[in-house]
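Chain by chain, the residues:
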Amino acid sequence: MSKHNSLNTGKEITLTIDGKTCNSTFGKTIIDVARENDIYIPTMCYLTKVKPIASCRMCIVNVEGVDGAILSCQEKATDGAVITTDNSEIYTERRNIMKLYNVNHPLECGVCDKSGECDLQNKTMEFDVDEQPFTTRDQHRPVENWGHVSYDPALCIMCEKCVRVSTEITGDEALQLKFGGYSSTIVNTKIEKNYASLGEAAAVCPVGALVDTNFKYSTNAWELEKIPSACPHCGGGCQMTYEVKHDTIYRMTNNFEFTSLCGAGRYGFDYANKNVSKDAKAFEKAVEAVKNAESILFAPQITNEEAHILQKIKALTGAKLVSHEARAYQKFMDAYGSVTGKTLYSGTLKGISESTAIIVLGTKIYDDAPTVKYHINMASKWHRARVAYMHPLEDVEMKNIVTQFIKYEPQSEEGVAALLVEMLLRDVEVPESVKTFLNDLDIGNLSAESNVGEEELELLRKSMLKKNGFSLVIGSDLYAHPRAEQIAKILALVEKYTDFNVVCVPPAGNAMGVSLICDLDNEATGTTVGYNVEADFVLSALGNAEALDNSLDMPALNQQEGTLTSNDKRVVPMNVAQPYGGYVLNDIANALGLDAEYTIEYTKALPREKGFKEVEFDSLPDYFDTVGTEHRGYLLEECETSVDESLEEVAELDGFDGAVVYTCNPKEQFSAFTNLCEPLKEEAFLVGSPQFATVTKLSDGESISFTVDGVTFKRVFKIDTSMKGTIALNPTYDMGLSAPLVSSYRFSKVEIMQEKKIGS
Ligand code: SF4
Ligand code: SF4
Ligand code: FES
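As a starting point, this report considers the structure included with it. Just so it is clear, the structure is predicted and the values come from calculations on it, not from any experiment.

As a further point, take the site of ligand 1. Cys156, Cys159, Glu160, Cys162 and Cys205 are the nearest of the 13 residues found near ligand 1. Taken together, the residues of the shell around ligand 1 sort by class into twelve nonpolar, no polar and one charged.

Turning our attention to the pattern of salt bridges. Here the structure, examined in full by the defined rule, presents 39 salt bridges. In this structure, the salt-bridge partner of glutamate 495 is lysine 342, at a minimum N-O distance of 3.5 Å. In this pair, glutamate 495 is assigned in helix H17 (residues 484–497) and lysine 342 in the loop between helix H9 (324–340) and helix H10 (349–353), connecting sequence segments 153 residues apart. Overall, the relative accessible area of 7% leaves glutamate 495 in the buried class. Accessibility expressed as a relative area gives 22% for lysine 342, which makes it partly exposed.

Next up on the list: the packing of helix H13 (residues 413–424) against H17. Look at H13 against H17: their axes get within 9 Å of each other, and the N-to-C directions meet at 15°. With respect to their mutual orientation, H13 and H17 come out roughly parallel. Handedness of the H13/H17 crossing: left-handed. Taken together, the residues of H17 that come into contact with H13 (itself represented by Glu413, Glu414, Ala417, Ala418, Val421 and Leu424) are Gln486, Ile487, Ile490, Leu491, Leu493 and Val494.

Aromatic rings in a pair are described by how distant their centres are and how their planes are angled relative to each other. Throughout the structure, instances matching the rule amount to 14 aromatic pairs. Pairing tyrosine 329 with tyrosine 479 gives two aromatic rings, centres 5.0 Å apart and planes at 70°, and the pair type is edge-to-face. One end of the pair, tyrosine 329, is in helix H9; the other, tyrosine 479, is in the loop between strand E19 (470–474) and H17, and 150 residues separate them in sequence. Residue classification places tyrosine 329 among the buried positions, given a relative accessible area of 1%. Relative to phenylalanine 500, the ring of phenylalanine 470 has its centre 5.2 Å away and its plane inclined at 20°; by these criteria the two rings are stacked. With phenylalanine 470 in strand E19 and phenylalanine 500 in the loop between H17 and strand E20 (501–504), this residue pair connects regions lying 30 residues apart in the sequence. Summarising the burial analysis for this pair, phenylalanine 470 and phenylalanine 500 share the class buried. Of the aromatic side chains, those joined through ring pairs into one cluster are Tyr329, Phe332, Tyr336 and Tyr479. Residue placement shows arginine 251 over the ring face of phenylalanine 215; its charged tip is 4.3 Å from the ring centre.

This part is about H13. Since there are 3.6 residues in each turn of an α-helix, residues three or four apart along the chain are aligned in direction. In a regular helix each residue adds 1.5 Å, so twelve residues correspond to 16 Å; H13 covers 16 Å between its end C-alpha atoms and thus fits that length. In terms of residue burial, H13 counts as a mostly covered element, since twelve of its twelve residues are buried.

Right, let's talk about the site of ligand 2 for a bit. Among the 13 residues in the neighbourhood of ligand 2, the closest are listed as Cys231, Cys234, Gly237, Cys238 and Cys262. Considered class by class, the residues forming the shell around ligand 2 number eight nonpolar, five polar and no charged.

A separate point is the state of the cysteines. For the coordinates displayed, the defined rule picks out zero disulfides. The thiol of cysteine 518 is unpaired, and the distance to the nearest cysteine sulfur, on cysteine 639, comes to 17 Å.

What counts, and at which threshold
- Residues numbered from 1 in each chain as written.
- Chains lettered and ligands numbered in written order.
- Predicted model: local features only at pLDDT ≥ 70, side-chain atom pairs only at ≥ 80, totals over all residues.
- Heavy atoms only, no water.
- Near = heavy atom within 4 Å.
- Nonpolar A, V, L, I, M, F, W, Y, C, P; charged D, E, K, R; others polar.
- Salt bridge = Lys/Arg side-chain N within 4 Å of Asp/Glu carboxyl O.
- Helix = DSSP H or I, 4+ residues; strand = E, 2+ residues; numbered from the N terminus.
- Buried < 20%, exposed > 50% of the residue type's maximum accessible area, 1.4 Å probe, protein only.
- Axes fitted to C-alpha atoms, helices over the stretch in contact; angles between N-to-C directions.
- Parallel < 35°, antiparallel > 145°, perpendicular 65-115°, else oblique.
- Left-handed = near helix turned anticlockwise from the far one by under 90°.
- Contact = heavy atoms within 4.5 Å.
- Phe/Tyr/Trp six-rings, centres within 6.5 Å; stacked < 30°, edge-to-face > 60°.
- Lys NZ or Arg CZ within 6 Å of the ring centre and 35° of its normal.
- Expected span 1.5 Å × (residues − 1).
- Disulfide = S-S within 2.5 Å.

This is a description of form; function is not addressed.
This is how it looks when you write it as structure tokens:
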């Protein structure tokens, strides 16, 4: 199926390209079909993941019976077509195009950062352009520093790729073309925001015009060793490549034709636990501590294999395994699966980007899962999708793609879910028990309690009438909700009885993998060991083990081989990007009686009843083929679970009056690990609207403290005038080992203690 042609019927076609018979399907472009058949057509402006830009003309081909050359990146392949991709006329035209590109583009590659990996340099050579036959008057166009990225207009070939990525993929909509003949340029209209998402725009730049500021002039591209891996931060497991020299990571790159990295993935790589050696004494203490621990608490920043080791330790010692966010997700998905009869949600990210109507419920999605937001944005840009965003907070960063904000009261999510499902299933054939549940709902009361007007839902319903391809995106606010399991069962009806593409976005880290692999407990008791969590004895990859009495260093995720489970339900491999000289969890497990030389021996032993496959780590593929099919690890298999569709009456929970705090990290921050990364550094504040400030009698810059789940936050309060309402944002990424202890429903009523005013 063509990437942006939802009308593609998939009808089989046969055509001839350069004498080769090519079988394909209707709807694809000529270049798509050529690539499927390993036929090379040169391009300068083509970027597979966006709509054809069609500005360079390098991709011209001849089609028998058609006058003149046509653009293969734009033209659909038709049955019976006879196509020539190269002849002397086409070559001459392409060569002339390259000559034009080189007008005033200084061929001083020796001092350019892109040298060695530059499309212009490569094609200049490919088409034998060894001089600059035309020139124009030189203009002074200084390099612009945009923060994470820098722009050199003198090197820009105006291919438009960066603009398209900023608009169609990341959706920051910061970059625009400014035409003006030879002074045409790209402008950053949101320079003050310093969007880290622009790293993706720099990644697709074919020349040295848009580059990562930090990487610029740091090394030559060809000196870097490329280590393929997966991003461990938000749960997306995005494809990424560490580029390393002398044990230092210089940058992250990605297969940008087909995938994208958010700012955290691209710039959040420097978090390794460095300079660790084997401390035998601390190791012995760690083994004793684990042996005697009544509970092991752990953060979800671990591999599937480590989760499996913890499960084995549990079987050995009887310790409780406590990982709050993963446990909440596990319980939610168990309840969800009890309705659908399957272990996994059915939706995919691709399904989101192909939708024409999307409902987002219970997540501040851009901050929680950037890549999911990117897919919503793609649907918005490619299919003009209706996007309904249901949340107590309006996210200004989503304004350009959301077509309807539906605000509800915190803690009313069960009622909101019921209202939504009643609306979606109104004309759908459902079993009697479900019908009774829906008929018995007191719509007026639920609407009053949640503050979601019936007319808002009616508007949503009407807006979806003429659409096809629907997605429902569910998020973390729901998982730790006091009524999480009932909410899960209500929403699962959508998956079961409609053709919605439903994605239950897992919490950050490898929470999904942990929730599938470990038999988790609700609460810790007795003596505790914490893996990246505060406890009686701590195993820490945060580089702080020395400073703690009872502790042992552990490797960070970029120092380990192993797999992650992504929010697209894929088990993806990670490789070692930084050396590590200390002990690992597997050493402790072996000292307790388990027997595996390397952690990755457990890759093939991950639980098959949860959809994992018996595959050796070294056999896991990690690439995209020429047409963009993903061959990374494997997709989890869907397993069946027992069905219990009984639904309880919707509970009425007390709402929160006054000031409420919402646990939420800002974009690019997910954990204590992203917090270690210099390019992402930002101070953590409690951020609220002017209205929040009035209600709490706080002023901007005031020092305060408050407690959530026993964790005391000492913060400075900041007013954000773009926010409204009485809910403030409270991040946890700066809370080190105590962050994973924050486990409750994300909205909480807290008592705010005023400390002292800054400057007083
Ligand atoms: S900055 Fe790079 S990607 Fe953007 S238009 Fe210029 S050359 Fe193309
Ligand atoms: S943080 Fe998430 S969206 Fe960003 S690159 Fe990593 S996995 Fe992908
Ligand atoms: S690739 Fe077709 S016009 Fe540039």
